[in-house]
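# Descriptive structure summary
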Amino acid sequence: MSGAGDTSALAPTGDEEPLVPREAAKSTVWSFFGFRASDIDQKDVICKECHRVVSAPKGNTTNLFNHLKTHHKQKYDELREALASWSLREEKQVCITTDNGSNVIKAASLNKWMRLQCFGHRLHLAIENAMKDPRIDRAVGICKKLVSSFSYSWRRKKELARAQKELKLPEHGLKTECPTRWGSRQAMIERVLEQHKAISQVLSSDRKSRHLLPSWQDTEILEAIYKSLHPLTEFTDALSSEKYVSVSFVKPVLHLFTSSILKVNDDDPELTNTIKTKILTYLEEKYKDPETQDLLNLASALDPRFKLRYTSEDRVAPIQARLMSEMAASLSMGPSDGGTADRAEDDAPSTSKKKKTLGSFFKITERARPTHPPQQALATELQSYLQCADLDSEENPLDWWREHQRVYPRLSKLAKKYLGIPATSAPSERVFSTGGNIVTCLRSSLKPESVDRLVFLAKNL
């Protein structure tokens, strides 16, 4: 009998049919499972080891991993080795940033990996949740029809360009919404509002198209949507970058949303305030997890631009204790490597004989320096860092740590550990997009090694 929660069942015995692999399988785990040749639709997933039928709805691989882990430990270990072939050492992993895919969330939970929710996806879902209003559905629907009517008519495009010149408006085309990018909706609404006079002039002259014109009520709703969403666009773009530190910005950005950007204003329309409240409530709910909060607090604390400024008072002491604990743990890993190259250059013998200076008689070697108890040294290093002047918010914290790694050798290690976490999964998605642009229908025979090199060159040249 299968245990509680077991999703596998023993397949019928008898003449065993040869198992065929899953069509278009991408995950390594599918190499341990197959389908009967007679199962044309590939509905029943069968384990190649025990011939049990394992439930895998819509190709979800979570149950497949669980089955191997529970019934075939050796095969599960082989799978882990296959994952290790990517040269990703699990003990070096600090956190993974993912979207809300149920299989990814389950995999992180099973492997006990720290997972950070992609800020871009969370903000997108927060806005989608705030847009659930019949008035918004009507206004956005009219907006889509309006844009479509111009997209498929060269005559209207020509008339729109003429009207823009007459009214001295920017000669911009209308933008279409993409369902998977909330920013495209805001861009579509912004362009319609910008070109409202020119659009009205074009459609008013055509009786068959007058119904596409937004009413004054619809225009007010579109303006309310634009007013609430426009400030959020720049934050998403900035946090999706991969050229600078982004994870330490999440906590300050959430604080900025609460204190100003999404703050309810009595002068704003009722719909604008409703949208702001819904977005803020959703984000606060999703980021209230204690582990996530501690991770974001640690990242901000190790950023010399913010430190503990955005950490709540009741969490300041625990975060400092956590930093002290991790600094102490780094002591067992040997001396810090910070400044090793600099010391090597300083200690290198000079080829030309130089005259001794007065200061050279007082130079203290590393061994002769006065030593302090480890715990006291760590506390001094942490307090010295927290009390030093904050870095300008537009400066690069990595450059600051590079310059100060000899002053704060243990903290600099933690900065390397935490500040490399991306706030969104956009960088990895860009790599997939690059791969899709390289492996096209006309280049489908490229070898994996060639694809790896081409993607590397595309992202690094």
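Bear in mind the structure is a predicted one, so any value in this text is a computation, not a measurement.

## Here we look at the packing of helix α15 (residues 374-387) against helix α17 (residues 409-418)
One can describe the packing of α15 onto α17 by two numbers: an axis separation of 9 Å at closest approach and a directional angle of 65°. Accordingly, the angle class assigned to the pair α15 and α17 is roughly perpendicular. Where α15 approaches α17, its residues Leu378, Glu381, Leu382 and Tyr385 are matched on the opposing element by Pro409, Arg410 and Leu411. Taken together, the residues of the contact of α15 with α17 sort by class into five nonpolar, no polar and two charged.

## Some thoughts on the environment of Leu212
Relative to the helices and strands, Leu212 is located in the loop between α8 (196-204) and α9 (216-239). For Leu212, a relative accessible area of 11% corresponds to the buried category. Along the primary structure Leu212 and Cys143 are separated by 69 residues, whereas in three dimensions their C-alpha atoms are 8.2 Å apart.

## Observations concerning the pattern of salt bridges
For the coordinates displayed, the defined rule picks out 17 salt bridges. For Arg315, the salt bridge is made with Asp294, and the minimal N-O distance between the two is 2.8 Å. Highlighted residues: Arg315 in helix α13 (residues 313-331) and Asp294 in helix α12 (residues 290-301), separated in sequence by 21 residues. Several salt bridges share partner residues, and in doing so they unite Asp133, Arg135 and Glu270 into one network.

## Comments concerning the environment of Glu194
Tracing the sequence through the fold places Glu194 in helix α7 (residues 182-194). Sequence separation between Glu194 and Leu174 is 20 residues, and the spatial gap between their C-alpha atoms is 9.6 Å. Residues within four places of Glu194 in sequence aside, it is in contact with Leu169, Pro170 and His172.

## Let's talk about the nonpolar core
The biggest cluster of nonpolar side chains holds 76 residues, and the ones touching the most others in it are Phe119, Ile225, Leu232, Phe257, Ile275, Ile279 and Leu411. The element contributing the most residues to this core is α9, with eight residues.

## Structural notes on unusual backbone geometry
Positive phi, normally seen in glycine, also occurs at Gln42, with a value near 50°. Looking at the secondary structure, you find Gln42 in the loop between β3 (33-36) and β4 (45-47). Even without being a glycine, Lys168 presents a positive backbone phi close to 55°. Along the polypeptide, Lys168 turns up in the loop between α6 (154-166) and α7. Taking the relative accessible area as the measure of exposure, Lys168 reaches 76% and is therefore exposed.

## Some points on the confidence of the model for the protein chain
A residue-level look at the protein chain finds 82% of positions with pLDDT of 70 or above and a mean pLDDT of 82. Of the regions scoring below 50 in pLDDT, residues 1-6 engages in three contacts with residues more than four places distant in sequence or in other chains. In this model, residues 336-347 is a region of pLDDT below 50 whose contacts with residues beyond four sequence positions or in other chains number 15 contacts.

## Points about a nonpolar patch on the surface
Together, Phe456, Leu457 and Leu461 give the surface a local cluster of nonpolar side chains, amounting to about 380 Å² of exposed area. By secondary structure assignment, the location of Leu457 is in helix α19 (residues 448-460). Leu457 gets classed as partly exposed once you look at its relative accessible area, which sits at 40%.

## Focus on the packing of α6 against α8
Put simply, α6 and α8 touch, their axes get as near as 9 Å, and they point 130° apart. Taken as axis vectors, α6 and α8 run oblique relative to one another. By crossing handedness, the relation of α6 to α8 is classed as right-handed. Contacts between α6 and α8 involve Arg156, Glu159, Leu160, Ala163, Gln164 and Glu166 from the former and Ala198, Ile199, Gln201, Val202 and Leu203 from the latter.

## Things to note about the pairing of β3
Pairing geometry for strand β2 (residues 19-20) and β3, over two bridges, is antiparallel. In the sheet register, Leu19 faces β3, and the bridge partner there is Arg36. The sheet contact formed by β3 and β4 spans two bridges and is antiparallel. Bridge assignment links Phe33 to a residue of β4, and that residue is Cys47.

The rules behind these values
Along each chain, numbering runs from 1 in the same order as the chain's sequence is written. Reporting of local features is limited, given that this is a predicted model, to residues whose pLDDT is at least 70; pairs of side-chain atoms are given and counted only at 80 or more, and all residues count toward the totals for whole chains, interfaces and linings. Hydrogens and water are ignored here; the side-chain numbers use all heavy atoms of the structure. Note on definitions: angles span 0 to 180 degrees between N-to-C directions of axes, and those axes are lines fitted to C-alpha atoms, for helices only across the stretch in contact. The helix count covers DSSP runs of H or I at least four residues long, the strand count covers runs of E at least two residues long, and both are numbered beginning at the N terminus. An angle counts as roughly parallel when it lies under 35 degrees, as roughly antiparallel when it exceeds 145, as roughly perpendicular when it falls between 65 and 115, and as oblique in every other case. It only takes one pair of heavy atoms within 4.5 Å for two residues to be counted as in contact. Charged residues are taken to be Asp, Glu, Lys and Arg, nonpolar residues to be Ala, Val, Leu, Ile, Met, Phe, Trp, Tyr, Cys and Pro, and polar residues to be all remaining types, Gly included. Accessible area is worked out with a 1.4 Å probe on protein chains only. A residue is then buried under 20% of its type maximum, exposed over 50%, and partly exposed in between. Salt bridges are defined by distance alone: a side-chain nitrogen of Lys or Arg within 4 Å of a carboxyl oxygen of Asp or Glu. The nonpolar core is taken to be a set of buried Ala, Val, Leu, Ile, Met, Phe, Trp, Tyr and Cys residues, with the residues joined through side-chain atoms within 4.5 Å. Residue-level confidence of the predictor, termed pLDDT, takes values from 0 up to 100. Surface patches are defined over residues having more than 30% relative accessible area and no salt bridge, joining like charges when they lie within 9 Å and nonpolar side chains (Val, Leu, Ile, Met, Phe, Trp, Tyr) when within 5 Å. Residue exposure ignores everything except the shown protein chains as possible cover, and the areas themselves are Shrake-Rupley values with a 1.4 Å probe. Crossing chirality is assigned from the near helix's rotation relative to the far helix, an anticlockwise turn below a right angle marking it left-handed and a clockwise turn marking it right-handed. Whether two strands pair comes down to DSSP finding at least two bridges between them.

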